[in-house]
Amino acid sequence: MSKVILVLSDALRYDTAVEQMGFLGHLLEKKLASLYKIVGELPSMSRPMYETIHTGLPVIEHGVYSNYVVRRSNQPNIFQAVRDAGKTTAAVAYSWFSELYNHAPYDIIEDREVDGEGLLIQHGRFYFDDAYPDSELFATAGMLVRKFDPDYLLIHPMGMDDTGHKYGADSKEYRVHAIRQDVMLANLIPEWLARGYTTLITGDHGMNADKMHGGTTPDMREVPLYIISPDSQGKGDTGEIASHLDIAPTICKLLDLPIPDTMKGTVLV
Ligand SMILES: [Zn+2]
């Protein structure tokens, strides 16, 4: 059993991660991590994928069809499974996560910083500005780990998405931002490994050269899934295809929780 951190980097493309994120590449070369290519579920949009990743269900089954469906999740999900098992949840994430698992609609003041045992996200730190700096977000993530020792922590930086919408994926700005995120991770992952966390790093969707996502092509659909384990049993680049649907049951397995029947994806660990 392990504690789990999920870094859900909004709009992190597979090819950009592989080419630009050298610390993660180092962990692969040293067999301290495993890499899968996720062919993302559709549509390649944020809120539908947030729910797909946390429920293990395709969009047509969970009903969060677009970014404009503003309501709480009504399906078994990771946060609920962890809290119901008496374990601790935390997140530093965009306001839509507060809406999906804590409270909808989001109140920018009331919901910004919450701590409560009864909440699905028990220790939540939320932001609503797409330009919220990833550097500040990762610092908050590091604080949540030290202060609350959560069993499940979601870290959701918006920097790749914000940069991609401003400059497109075929831009130096988008590529450089991936390098910056990799450096931020390099400053945190060793501590998390020492604390016994398994860290997963993935994206909800990609980004195209037209500064958008939502379609079906590989640039908008393919994202990485890195799994970094404290037991140093990484497989390197597996060359295997995985699914967004695999993430929720894999996290339940890592946390030694019963996997809800609705989570039908493959357990990757
Ligand atoms: Zn976007």
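Just above sits the structure.
Anyway, here's the lowdown on the structure attached to this text. (Residues numbered from 1 in each chain as written. Predicted model: local features only at pLDDT ≥ 70, side-chain atom pairs only at ≥ 80, totals over all residues.)

### Overview of the overall build of the protein chain
Thought 1: Looking only at helices and strands, one finds 12 helices and 9 strands in the protein chain.
Thought 2: A globule of 269 residues ought to have a C-alpha radius of gyration of about 18 Å, and the protein chain, at 17 Å, matches this closely.
Thought 3: If you line up the protein chain on its principal axes, its C-alpha atoms span 45 × 40 × 35 Å.
Thought 4: The burial tally for the protein chain puts 50% of its 269 residues in the buried class.
Thought 5: Residue pairs in contact within the protein chain that sit at least 24 positions apart in sequence constitute 70% of those at least 6 positions apart. (Helix = DSSP H or I, 4+ residues; strand = E, 2+ residues; numbered from the N terminus. Rg over C-alpha atoms; globule rule 2.2 N^0.38 Å. Buried ≥ 20, exposed ≤ 12 C-beta atoms within 10 Å, placed from the backbone. Contact = placed C-beta atoms within 7 Å.)

### Some details on the sheet that holds strand E3 (residues 89-94)
Thought 1: Taken in spatial order, the 9 strands make up an open sheet running E4-E5-E3-E6-E1-E7-E8-E2-E9, and their pairing is mixed. Both edges of this open sheet fall to strand E4 (113-115) and strand E9 (236-242), since each of them pairs with a single strand only. Each adjacent strand pair in this sheet contributes to an overall mean axis angle of 15 degrees, direction not counted.
Thought 2: By the bridge criterion, 4 bridges tie E3 to strand E6 (residues 152-155) in an arrangement that is parallel. The residue bridging Ala-90 from the neighbouring strand is Leu-153, located in E6. (Pairing = 2+ DSSP bridges. Axes fitted to C-alpha atoms, helices over the stretch in contact; angles between N-to-C directions.)

### Some details on the packing of helix H2 (residues 22-29) against helix H9 (residues 172-186)
Thought 1: It is at 7 Å that the axes of H2 and H9 come closest, and there the two elements cross at 60 degrees. In this view, H2 runs oblique relative to H9, as classed from their interaxial angle. Residues Gly-22, Phe-23 and Leu-24 of H2 pack against Asp-182, Leu-185 and Ala-186 of H9.
Thought 2: In terms of residue class, the contact of H2 with H9 is built from 4 nonpolar, 1 polar and 1 charged. (Parallel < 35°, antiparallel > 145°, perpendicular 65-115°, else oblique. Nonpolar A, V, L, I, M, F, W, Y, C, P; charged D, E, K, R; others polar.)

### Here we look at unusual backbone geometry
Thought 1: The linkage connecting Leu-42 with the following residue, Pro-43, adopts the cis geometry, with an omega of -5 degrees.
Thought 2: For Pro-43, the location among the structural elements is in the loop between strand E2 (33-39) and helix H3 (46-55).
Thought 3: Put simply, Ala-104 and Pro-105 share a cis peptide bond, and its omega is -5 degrees.
Thought 4: Mapping Pro-105 onto the fold places it in the loop between helix H6 (95-101) and E4.
Thought 5: Its identity is not glycine, yet Lys-31 carries a phi of approximately 60 degrees, on the positive side.
Thought 6: By the secondary structure assignment, Lys-31 is in the loop between H2 and E2.
Thought 7: Residue class for Lys-31 comes out exposed when judged on the 12 C-beta atoms lying within 10 Å of it.
Thought 8: Phi at Asp-149 is positive, roughly 50 degrees, even though this residue is not glycine.
Thought 9: Structurally, Asp-149 is set in the loop between helix H7 (134-148) and E6.

### Focus: the packing of helix H8 (residues 159-167) against H9
Thought 1: Their axes nearest at 9 Å, the elements H8 and H9 cross at an angle of 170 degrees. By the angle between their directions, the pair H8 and H9 is classed as roughly antiparallel. Listed contacts from H9 to Gly-159, Met-160, Thr-163, Gly-164 and Tyr-167 of H8 are Glu-173, Tyr-174, His-177, Ala-178 and Gln-181.
Thought 2: When grouped by side-chain class, the residues that make up the contact of H8 with H9 number 4 nonpolar, 5 polar and 1 charged.

### Re the environment of Leu-225
Thought 1: Its place among the elements puts Leu-225 in strand E8 (residues 222-228).
Thought 2: Here the alpha-carbon distance between Leu-225 and Ile-241, two residues 16 residues apart in the chain, equals 9.6 Å.
Thought 3: Excluding anything up to four places from it in sequence, Leu-225 contacts Tyr-36, Ile-38, Leu-200, Thr-202 and Ala-242.

### Focus: the nonpolar core
Across soluble globular proteins, you tend to see nonpolar side chains buried next to one another.
Thought 1: Ranked by internal contacts, the top residues of the largest apolar core, which has 74 residues, are Leu-6, Leu-24, Phe-97, Leu-153, Leu-200, Tyr-226 and Ile-251.
Thought 2: Discounting residues that sit within four places of it in the chain, Tyr-226 has contacts with Leu-24, Ala-33, Leu-35, Leu-200 and Ile-201. (Core = buried A, V, L, I, M, F, W, Y, C linked by C-beta atoms within 7 Å.)

### Here we look at the pairing of E3
Thought 1: Counting buried positions along E3 gives 6 out of 6 residues, so the element sits mostly inside the fold.
Thought 2: For E3 and strand E5 (residues 123-127), the ladder comprises 5 bridges, and the chain directions are parallel. Bridge pairing links Ala-91 to Gly-124 in E5.

### Overview of the environment of Gln-75
Thought 1: Mapped onto the secondary structure, Gln-75 falls in the loop between helix H4 (59-62) and helix H5 (78-84).
Thought 2: By the C-beta count within 10 Å, which is 18 here, Gln-75 ends up partly exposed.
Thought 3: Considered as a pair, Gln-75 and His-62 are 13 residues apart in the sequence and their alpha carbons are 6.7 Å apart.

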